[in-house]
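Fold and contact review
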Amino acid sequence: MSKFNLPDFSRAVTDLAQSAAPALASLDVHPRHSVSAFHWRDGLYITAEEVVDSGDDLQIVLHEGVTAKAELVGRDPSTGIALVRPEGVKAPDVFTPAKDVRAGSLAVIVGQGGTSPLVAFGTVNEAGPSWRSMRGGLIDRRIGLAAPLDGRFEGAAALDGAGALIGLVLFGPRRRPLVIPAGTIERTATALKDKGHVARGYLGAGLHPVRHASVRGAMVMSLDDDGPARAAGLHLGDIITAWDGEAIDGPRDLLRQLGPDSVGSTVPLAILRGGEKREISVTVGSRPMN
């Protein structure tokens, strides 16, 4: 029976991290706080959307401590992805997407804190089906990590044992690390590169949760003059109880339905109006850019 060779394993992890280092970077997002980023392609870097402010003068620290100004190309709150472009920087290599990610797979998380390389080791503790974020983004797979990560790893790259990209590291509820898969990154970053944003569904209605006795849903509290909800015939006081046959518990459930793929679709809404059940079809619009 072969013995586990810990020194060889340690060297393999170290070598993998070193080979990934040229594609890594860090962003100074607040005084004394940085997050990680990594090269996607064409000189564009992926990082965590929630830590990047559109009004920030971005500074990116690249491999070997090279500092450059960076432009925010686009951001997508629904998937947590932001795309930034450093000025005058030669593009490093691109990570190959991982093909087989399963619960129990080893993961090496690589990032950068200021000028220091960051490396952590763990496992994929969940590899489930696709899911929707709280803001309606379609995430190709639900991937969780069991790994000791501090805040500087937000925006880091999770790699498999061969150095292929599992995805972007973000922090979910209770600071649990999760991964936005490489496939979701490719789809979202392509849209951000081309348009600067990802289209999101839009109803044009202000909503408030309703949870009274047997009635649960989202009450219409305001209507945009030119919005899809008003055009469909929704009124103030209507309670939306179902979206395309799926029960709605409140505004958050509706928000999850308004992902990029919902734009242009016509959806039946079950509503209560004055206690009477009705159905109205609404054609989802594209959220206006502020």
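See the structure shown above.
As a starting point, this report considers the structure included with it. (Residues numbered from 1 in each chain as written. Predicted model: local features only at pLDDT ≥ 70, side-chain atom pairs only at ≥ 80, totals over all residues. Heavy atoms only, no water.)

A look at the overall build of the protein
- Secondary structure summary: the protein contains 4 helices and 22 strands in total.
- Overall size of the protein, expressed as C-alpha extent along the three principal axes, is 70 × 50 × 30 Å.
- When burial is assessed residue by residue, the protein has 47% of its 290 residues classed as buried.
- Across the protein, contacts joining residues at least 24 apart in sequence account for 57% of those joining residues at least 6 apart.
- Carbon and sulfur atoms form 50% of the exposed surface of the protein, whose accessible area is close to 14800 Å². (Helix = DSSP H or I, 4+ residues; strand = E, 2+ residues; numbered from the N terminus. Buried < 20%, exposed > 50% of the residue type's maximum accessible area, 1.4 Å probe, protein only. Contact = heavy atoms within 4.5 Å. Areas by Shrake-Rupley, 256 points an atom, 1.4 Å probe, with all protein chains shown as cover.)

A few points about the sheet that holds strand β13 (residues 165-171)
- Read around the barrel, 6 strands follow the order β7-β8-β11-β14-β13-β12 and close on themselves; strand pairing throughout is antiparallel. This sheet shows a mean twist of 40 degrees between the axes of neighbouring strands, independent of strand direction.
- Looking at chain direction, β13 and strand β14 (residues 177-181) are connected through 5 bridges and run antiparallel. Note on β14: the bridge partner recorded for Phe 171 is Pro 177.
- Where helix α1 (residues 6-20) meets the sheet, its contacts fall on β7 (106-113), β8 (116-128) and β12 (157-159), and the angle it forms with β7 comes to roughly 45 degrees.
- Helix α2 (residues 182-195) contacts β13 and β14 of the sheet and is inclined by roughly 60 degrees relative to β14. (Pairing = 2+ DSSP bridges. Axes fitted to C-alpha atoms, helices over the stretch in contact; angles between N-to-C directions.)

Brief notes about the packing of aromatic side chains
- Taken as a whole, this structure holds 2 aromatic pairs when the rule is applied.
- Relative to Phe 121, the ring of Phe 9 has its centre 5.3 Å away and its plane inclined at 80 degrees; by these criteria the two rings are edge-to-face. Note that Phe 9 is positioned in helix α1 and Phe 121 in strand β8, a separation of 112 residues in sequence.
- For Phe 9, a relative accessible area of 27% corresponds to the partly exposed category.
- When the centroid spacing of 6.1 Å and the interplanar angle of 65 degrees are considered together, the rings of Phe 38 and Phe 95 count as edge-to-face. Of the two residues, Phe 38 sits in strand β2 (residues 33-41) while Phe 95 sits in the loop between β6 (81-86) and β7, which places them 57 residues apart along the sequence. Grouping residues by exposure puts Phe 38 and Phe 95 together as buried.
- Positioned over the ring face of Trp 131 is Arg 142, at 4.5 Å from the centre of the ring.
- Arg 175 extends its terminal NZ or CZ atom over the ring of Phe 171, reaching a point 4.1 Å from the ring centre. (Phe/Tyr/Trp six-rings, centres within 6.5 Å; stacked < 30°, edge-to-face > 60°. Lys NZ or Arg CZ within 6 Å of the ring centre and 35° of its normal.)

Here we look at the side chain of Ser 36
- Locating Ser 36 in the fold gives a position in strand β2.
- Among the polar contacts made by the side chain of Ser 36, one reaches the main-chain carbonyl oxygen of Arg 152 at a distance of 2.7 Å. (Polar contact = N/O pair within 3.5 Å; in protein donor to acceptor, adjacent residues only side chain to side chain.)

Some remarks on the environment of Ala 156
- Within the secondary structure, Ala 156 sits in the loop between β11 (142-146) and β12.
- A C-alpha to C-alpha distance of 4.9 Å links Ala 156 and Ser 36, two positions 120 residues apart in sequence.
- In this structure Ala 156 touches Ser 36, Phe 38, Ile 109, Val 110, Gly 111, Gly 167, Leu 168 and Val 169, once residues within four positions along its chain are discounted.

Let's talk about the side chain of Arg 200
- Position of Arg 200 among the secondary structure elements: in the loop between α2 and β15 (201-202).
- One buried charge, Arg 200, has no salt-bridge partner; the nearest side chain with opposite charge is Asp 76, at 5.3 Å. (Lys, Arg positive; Asp, Glu negative; His and termini not counted. Salt bridge = Lys/Arg side-chain N within 4 Å of Asp/Glu carboxyl O.)

Remarks on the pairing of β7
- For β7, the tally of buried residues reaches 7 of 8 residues, placing the bulk of the element in the interior.
- Connecting β7 to the next strand, β8, in antiparallel fashion are 2 residues, including Gly 114 with a positive phi near 65 degrees.
- In this structure, β7 lies alongside β12, joined through 3 bridges in antiparallel fashion. For Val 108, the partnering residue across the bridge sits in β12 and is Leu 159.

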